[in-house]
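# Observations on the model geometry
Below are the chains, spelled out letter by letter.
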Amino acid sequence: MNRREAIKRTALLLGVAVSPSGITSALAQIARDPTASAKYLSPLRFATATAIAEVILPRTDTIGAIDAGVPQFIDASYGTFLQPEEQTTLEFGLDTLEASAETQHRKSFAKLTSAQQESLLRAIADDKQSDQRTFLRKMRELTLLGYFTAERVAKEVMVWDPVPGMDIPCQDLSVTNGVAYFE
């Protein structure tokens with residue numbers, strides 16, 4: 001399975017499990033200013049969450065997590081929707097990851113190279129005994145949810161057309177300007 005297929009499946013899974021009204025409320029807060037700083041997380045935790053989101057969905061030929069406003073989505077979700085135990089898990093995970101970065105590299109996680117960031121996150125993912133895995137799962141969930149519910153992603157990455165027209169199976173995408181329509 002490739003990265004895009006994994007993201008599609010995760011997005012489908014999350015779409016079924018999450019309340020549309022909750023997503024709409026969080027997105028309305030972010031839509032006002034997708035470049036705003038944190039309202040709920042401390043500046044250091046927000047910077048760490050931003051770096052993690054960009055490691056999970058970096059800018060490639062499509063927009064990345066930062067471009068889509070995912071850090072602001074994570075912040076709004078943290079302050080508005082997460083239960084107290086989920087907030088604690090997120091806080092503890094961000095603080096522990098920051099401490100690991102300081103111990104191993106003498107820098108903040110957000111200031112590490114992408115290879116160093118990936119290495120620290122991979123160590124958490126590979127450690128089957130770590131309590132940090134719950135934190136990492138929550139960060140992945142929030143990152144993917146924030147990304148795939150962003151208006152900019154819908155318009156630029158997903159190429160969503162609200163009135164797609166007739167479905168012609170196996171049509172050459174050059175005829176439709178690269179847009180695949182689904183029933």
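This report concerns the structure included in the present document. (Residues numbered from 1 in each chain as written. Predicted model: local features only at pLDDT ≥ 70, side-chain atom pairs only at ≥ 80, totals over all residues. Heavy atoms only, no water.)

### With respect to the packing of aromatic side chains
Applying the stated criterion across every chain, the model contains one aromatic pair. With centroids separated by 5.2 Å and ring planes inclined at 85 degrees, the aromatic side chains of Y147 and F148 adopt a geometry described as edge-to-face. (Phe/Tyr/Trp six-rings, centres within 6.5 Å; stacked < 30°, edge-to-face > 60°.)

### Quick word on unusual backbone geometry
With a phi angle near 60 degrees, R106 is a residue other than glycine that sits in the positive phi range. Locating R106 in the fold gives a position in the loop between α5 (84-105) and α6 (114-126). We classify R106 as exposed; its relative accessible area is 69%. (Helix = DSSP H or I, 4+ residues; strand = E, 2+ residues; numbered from the N terminus. Buried < 20%, exposed > 50% of the residue type's maximum accessible area, 1.4 Å probe, protein only.)

### Focus on the nonpolar core
Among the nonpolar cores identified, the biggest contains 34 residues, and I52, L90, L97 and F109 are the most heavily contacted of them. Elements supplying a minimum of two residues to this core: α3 (43-56), α4 (70-80), α5, α6 and α7 (132-148). The greatest single-element share of this core, amounting to seven residues, is contributed by α7. If we skip the residues at most four places from it in the chain, I52 touches L94, L97, F109, L121, F135 and M139. (Core = buried A, V, L, I, M, F, W, Y, C linked by side-chain atoms within 4.5 Å. Contact = heavy atoms within 4.5 Å.)

### With respect to the pattern of salt bridges
Following the criterion strictly, the structure yields seven salt bridges and no others. Across the pair E151 and K155 runs a salt bridge whose closest N-O atoms are separated by 2.7 Å. Here E151 and its partner K155 are both found in helix α8 (residues 151-156), four residues apart, which amounts to about one turn of the helix. Overall, the relative accessible area of 58% leaves K155 in the exposed class. The closest approach of N and O atoms between E156 and R152, which form a salt bridge, is 3.0 Å. With E156 and R152 both in helix α8 and four residues apart, this pair spans about one turn of that helix. We classify R152 as partly exposed; its relative accessible area is 37%. Among the charged side chains, a salt-bridge network with shared partners connects R45, E91 and D95. (Salt bridge = Lys/Arg side-chain N within 4 Å of Asp/Glu carboxyl O.)

### A few points about α3
The end-to-end C-alpha distance of α3 is 20 Å, a good match for the 20 Å that 14 residues give at a rise of 1.5 Å each. Inspection of α3 places F46, T48, A49, T50, A51, I52, A53, E54 and V55 among the buried residues, and these make up the whole buried set. Of the surrounding elements, those touching the buried residues of α3 are α4, α5, α6 and α7. (Expected span 1.5 Å × (residues − 1).)

### Here's the deal with the environment of D95
Here D95 shows up in helix α5. Judged by its relative accessible area of 33%, D95 is partly exposed. Along the backbone, D95 and T48 are 47 residues apart, and their C-alpha atoms lie at a distance of 8.7 Å.

### Focus on the side chain of T143
Within the element layout of this structure, T143 appears in helix α7. Judged by relative accessible area, which is 0%, T143 ranks as buried. Polar side-chain contacts of T143 include one of 2.7 Å to the backbone oxygen of M139. Setting aside anything within four residues of it in sequence, one finds T143 in contact with A53, I56, L57, A65, V70 and I74. (Polar contact = N/O pair within 3.5 Å; in protein donor to acceptor, adjacent residues only side chain to side chain.)

Keep in mind that these numbers describe shape and distance, not what the molecule does.
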